[in-house]
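Listed below, chain by chain, are the residues.
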Amino acid sequence: MIEIDAITKQYDGVAVVDDVSMVIEPRTITVVVGTSGSGKTTLLRMINRLVEPSSGAIRLDGEDNRSIAGYELRRRIGYAIQGHGLFPHRTVAQNIATVPSLLGWERRRIDLKVAELLTLFQLEPEIYGPRYPHELSGGQQQRVGVARALAAEPNVLLMDEPFGALDPIIRAKAQEDLLAIQKHFGTTIVLVTHDMNEAFHLAHKIAVMDQGKVVQYGPPAELVQTPATSFVETLIGETERPFRLLSISRAGMAVEPGEAAGEPIREDRTQQDALADLLWSGRTALPVVSVTGMPMGRVTLDALLKRAARPL
Amino acid sequence: MKAWLPTALRAMLLLLLNAFLLFPESFEPLFKSLVQPNAPAIYNQGSLLNLTLLHLKIVFFATLIAAIIAVLLAILVTRPFGSEFLPLSRSLVNIGQTFPPVAVLALAVPAVGFGEKPTLIALFLYGLLPIFENTLTALTNLPRSVVEAARGSGMTGFQRLLQIELPLSLPVIVGGIRLSVVISLSTATIGSTVAAKTLGEVIIAGLQSNNLAFILQGGLIVGALAVLIYDGLSAVEAVLARRAGVR
């Protein structure tokens, strides 16, 4: 659990982060969104003390993050950034081993961890371990950057626009990977982005920042249904609202008994995907199957339209 | 141009230089036409090989000391606690460069006497600037995301310097040393005016006895050394750059 308690950061008397308090639940993904200059990156960097706050405190599992030296704190917290920041003179394996080496792990344990992470990120350890970062594609570099951040098995992973430099197709893949990784390790992830689609796709909770303040902090659905300020409304996009609502619920949740013809949809796809399928194929109902392929019922166009409407 | 041609030319130059230093007499017919009858065509007041080695020695030590001091200075002023001294150290090193070498020699002789010492001082002062500037440029222009990642993964300042900043700066630092060496190779000849044993002796002897062959021999050896060392260090630089993943 990360408790952010009345944290403020001022540069030359101007508050970049202004009296922010929020609690981040363990084993969740929290996405901080906002325009550039809203203070979201500064907020993130105060968690691992790359930036020292002017006032306020941050507690990790109840322990003040100033109770140990900054560099020791940072070895316990994963940190992944835009443009990956891999060390160009070190191999992929050496890059991933950075924090474990700093912590003085045994050679064997480090090697095992590196191989495990490379395999997890679909990079063959024998092939990619000895390569240098410039020999990898953009997507592979980004994966190695996240693997490096996770190498010392941190409870908390901070990510600063980690997918900002990737093309849309690789970015979608990287987001899926991140969700899988988060499930696998149960890591608490705090991710900063200005991409609202990314935020809605990944977040358990979204914090919207505007001019140094968190103007709303809650589950994605809450942001759409009851935006706290007009800024939140603008950020979500007025014309996007019904689709955002559908995009955060799974097709399985809209299932009703009955039959439907044609290509089925898996229950773990979003309702937005179901709507797209319906519209594109010109049907009024879709059969829904479970992840294992068992028929579960159907989802109808009417039901989806009701779900996309503004709550009363 | 074929890829092997530059390498072959350098190898030939090295071979020629060695042959001339070991058996200068065999080159006599080449220089004969440059001197008056009865005058010696090949330098005869000492061993050319010996002078070349002494010349290289003084350049080596001057550059070594300059490199150590300049790199340390650049590291110091790029740390948070030393940043106040950045402008001061820059101007100090710049002054070293604007001072003419002859003036340094003239000032150093009364203080340390004739011989190698004043030359060493002049070369050292002259070698500082290129190395300092290059180290400074390298340390302050590292990729932001790499330095940020090093901090974010919990490296201490010292670990960042040794493991990340210096290895990545090394090619550019070697570039500075290369410039410094070449400047020193030519400046060292002036050291012979204050009795340092360098190849300047050959040139000065030629000037005094109006012997064009002597002047040419001193000049050509220094020139060949400069070309070969410059190319050698360029190659080292390229290897380091490749290893640092820069190119």
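Residues numbered from 1 in each chain as written. Chains lettered and ligands numbered in written order. Predicted model: local features only at pLDDT ≥ 70, side-chain atom pairs only at ≥ 80, totals over all residues.

Peer 1: Explain the overall build of chain A to me, please; I cannot follow it from the model alone.
Peer 2: Summing up its helical and strand segments, chain A has 14 helices and 13 strands in all. Against the globule reference of 20 Å for 312 residues, chain A gives a C-alpha radius of gyration of 21 Å, in line with a compact fold. Residue burial in chain A is summarised as follows: out of 312 residues, 39% are buried. Residue pairs at least 24 apart in sequence account for 63% of intrachain contacts in chain A once pairs closer than 6 positions are excluded. (Helix = DSSP H or I, 4+ residues; strand = E, 2+ residues; numbered from the N terminus. Rg over C-alpha atoms; globule rule 2.2 N^0.38 Å. Buried ≥ 20, exposed ≤ 12 C-beta atoms within 10 Å, placed from the backbone. Contact = placed C-beta atoms within 7 Å.)

Peer 1: Could you clarify how one ought to interpret the environment of A:Pro295 in this entry?
Peer 2: Residues and elements named next belong to chain A. Locating Pro295 in the fold gives a position in strand E13 (residues 295-300). According to the C-beta neighbour criterion, Pro295 is exposed, with 12 such atoms within 10 Å. Distance in space between the C-alpha atoms of Pro295 and Arg107 is 50 Å, their sequence separation being 188 residues.

Peer 1: I would appreciate a short explanation of the sheet that holds strand E12 (residues 285-289) of chain A in the present structure.
Peer 2: The strands making up a sheet associate through hydrogen bonds between their backbones, and the pairing can be parallel or antiparallel. Residues and elements named next belong to chain A. Read from one edge of the open sheet, 3 strands run E11-E12-E13, paired in mixed fashion. Here the strands that pair on one side only, and so sit at the sheet edges, are strand E11 (265-266) and E13. With 5 bridges joining them, E12 and E13 adopt antiparallel strand pairing. Within E13, the residue paired with Pro287 across the bridge is Arg298. Lying on the sheet, helix H14 (residues 301-308) is in contact with E12 and E13; it crosses E13 at an angle near 65°. (Pairing = 2+ DSSP bridges. Axes fitted to C-alpha atoms, helices over the stretch in contact; angles between N-to-C directions.)

Peer 1: Would you mind going over the packing of helix H1 (residues 4-22) of chain B against helix H10 (residues 212-243) of chain B with me for this structure?
Peer 2: What describes two packed helices is the angle between their axes and the distance between those same axes. Residue and element names in this part refer to chain B. Where H1 meets H10, the axes come as close as 10 Å, and the angle between the chain directions of the two elements is 140°. Of the possible angle classes, the one that applies to H1 and H10 is oblique. When the axes of H1 and H10 are compared, the crossing they make is left-handed. Where H1 approaches H10, its residues Arg10, Leu13, Leu14 and Leu17 are matched on the opposing element by Ile221, Ala224, Val227, Leu228 and Asp231. Partitioning the contact of H1 with H10 into residue classes produces 7 nonpolar, no polar and 2 charged. (Parallel < 35°, antiparallel > 145°, perpendicular 65-115°, else oblique. Left-handed = near helix turned anticlockwise from the far one by under 90°. Nonpolar A, V, L, I, M, F, W, Y, C, P; charged D, E, K, R; others polar.)

Peer 1: Explanation requested: helix H6 (residues 116-140) of chain B in the structure shown.
Peer 2: For an α-helix, the turn length of 3.6 residues means that residues three or four places apart are oriented alike. Residue and element names in this part refer to chain B. Between its terminal C-alpha atoms H6 stretches 36 Å, which fits the 36 Å expected from 25 residues at 1.5 Å a residue. A bend of about 25° at Leu128 is the largest found in H6, and the proline Pro130 appears one to four places after it. With 20 of 25 residues buried, H6 is to be regarded as a mostly interior element. (Expected span 1.5 Å × (residues − 1). Bend = angle between axes of the 7 residues up to and from the residue.)

Peer 1: What is the right way to look at the pairing of strand E10 (residues 213-218) of chain A in this model?
Peer 2: Along any regular strand, the residues point their side chains to alternate faces of the sheet. Residue and element names in this part refer to chain A. As paired elements, strand E9 (residues 205-210) and E10 share 5 bridges and run antiparallel to each other. Note that in E10 the partner of Val208 across the bridge is Gln216. In sequence, E9 turns back onto E10 through a hairpin of 2 residues, with Gln211 there showing a positive phi of about 50°.

Peer 1: How do you make sense of the nonpolar core when you look at a structure like this?
Peer 2: Grouped burial of nonpolar side chains is what soluble globular proteins tend to show. Residue and element names in this part refer to chain A. Formed by 81 residues in total, the largest nonpolar core has its most connected members in Val31, Val32 and Leu158. Counting residues per element, this core draws most heavily on helix H7 (residues 138-150), at 5 residues. When residues of this core are sorted by domain, at least three fall in each of domain 1 (2-236) and domain 2 (249-308). When neighbours within four sequence positions are excluded, Val32 is seen to be in contact with Lys40, Leu43, Leu44, Val190, Val192, Ala207 and Met209. (Core = buried A, V, L, I, M, F, W, Y, C linked by C-beta atoms within 7 Å. Domains from an automatic or database assignment.)

Peer 1: Is there a simple way to think about the interface of chain B and chain A in this case?
Peer 2: Counting residues at the interface gives 17 residues for chain B, matched by 20 residues for chain A. Among the elements of the structure, helix H7 (144-152) and helix H8 (157-187) of chain B are those that each provide at least two residues to the side of chain B that touches chain A. When residues of the side of chain B that touches chain A are assigned to their parent elements, the largest contribution, 6 residues, is made by H7(B).

Peer 1: Looking at this model, I keep getting lost on the pairing of strand E8 (residues 188-193) of chain A. Mind explaining?
Peer 2: Residues and elements named next belong to chain A. When you tally the buried positions in E8, you get 6 out of 6 residues, the bulk of the element. Here E8 shows two buried faces, one formed by Thr188, Val190 and Val192 and the other by Ile189, Leu191 and Thr193. Two elements, strand E3 (residues 29-34) and E8, share 5 bridges in a ladder whose sense is parallel. Paired with Val31 across the strands is Leu191, a residue of E8. Of the strand pairs in this sheet, strand E7 (residues 156-160) and E8 are connected by 5 bridges, and their pairing is parallel. Following the sheet pairing, Asp160 is matched in E8 by Val192.

Peer 1: What exactly am I supposed to notice about the sheet that holds strand E5 (residues 63-64) of chain A here?
Peer 2: Pairing in this open sheet of 4 strands is antiparallel, and the strands run E2-E1-E4-E5 (chain A) from one edge to the other. The open sheet has two edge strands with one neighbour each: strand E2 (14-24) and E5 of chain A.

Peer 1: Please clarify how the domain arrangement of chain A should be interpreted in this entry.
Peer 2: The figure often quoted for interface size is the accessible area lost as the parts come together. Domain boundaries assigned for chain A yield domain 1 (2-236) and domain 2 (249-308). Of note, the centres of domain 1 of chain A and domain 2 of chain A, computed from C-alpha atoms alone, are 34 Å apart.

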